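Take a look at the letters that make up each chain.
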Amino acid sequence: MLSQLDTHNGTFNITNNATQTRRTFRVKTVINGPSDLVGKRIVSLLSGPDNEEDYVGFAFVDESGVHCWRRFKDSQFGKYAFFLNHADAFEENDEISVAMSGTCRVCNRKLTVPSSIEFGIGPVCANRN
Ligand SMILES: [Zn+2]
């Protein structure tokens, strides 16, 4: 799996170095919602011009990988989930470049302090654990 995806929330800009095409994925923890979803981390693809709102969720991510939702498995999203699960090798071979902007995996707030970005969790949420 792409490094950081198993522990880090945020926005991942992934560029294909050969074609210079870019896709933006976001990983976000569900805070408000149905109880069976709260605490789960959802992977979305940016699919429109509004880079705050135009995300389409298609998978859960946990320590074991990106798990595409069943209804999307046979679509392009299934391919993206497969890609994210194998992106480490592409990155090591310089076939893709990954730029990440981190958010807290507990509360989804933007992380700015380098040590917080490294751990993927903000100081307030880290102290609560
Ligand atoms: Zn937090």
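The structure displayed is predicted, hence computed values, not measured ones.

### Focus: the coordination of the zinc ion
- Within the protein, the zinc ion binds to C104 (SG), C107 (SG) and C125 (SG); these donor distances fall in the range 2.3 Å.
- Between consecutive donor residues of the zinc ion, the sequence gaps follow C-x2-C-x17-C. Of this pair, C104 sits in the loop between β6 (96–103) and α3 (114–119) while C125 sits in helix α4 (residues 123–128); the two residues are 21 residues apart in sequence, bridging distant segments of the chain. There is no split in this pair, since C104 and C125 are both buried.

### A short note on the nonpolar core
- In this structure, L5, F25, V43, F58, V66, F77 and L84 are the most contacted members of the largest nonpolar core, which totals 23 residues.
- Of all elements in the fold, only β1 (9–16), β2 (22–29), β3 (41–46), β4 (55–62), β5 (65–68) and α1 (76–85) reach the threshold of two or more residues within this core.
- In terms of residues, this core owes the most to one element, α1, which gives four residues.
- If we ignore the near neighbours within four places in the chain, the residues touching L5 are F12, V27, R41, V61, V66 and L84.

How each quantity is defined
- Residue positions are given per chain, counted from 1 along the sequence in the order it is written.
- In keeping with the predicted nature of the model, local features appear solely for residues at pLDDT of at least 70, side-chain atom pairs appear and are counted solely at 80 or more, and the whole-chain, interface and lining totals rest on all residues.
- Hydrogens and water molecules were not included; the side-chain quantities draw on all heavy atoms of the structure.
- Note that water is not among the atoms used; donors are N, O and S atoms within 2.8 Å of the metal (3.2 Å for Na, K and Ca), so sites may look incomplete.
- Comment: elements are numbered from the N terminus, with helices defined as DSSP H or I runs of at least four residues and strands as E runs of at least two.
- Summary of the burial criterion: residues with accessible area below 20% of their type's maximum are buried, those above 50% are exposed, and those between are partly exposed, where the area comes from a 1.4 Å probe applied to protein chains only.
- The nonpolar core is taken to be a set of buried Ala, Val, Leu, Ile, Met, Phe, Trp, Tyr and Cys residues, with the residues joined through side-chain atoms within 4.5 Å.
- Between two residues, a contact is recorded if the distance between any of their heavy atoms is within 4.5 Å.

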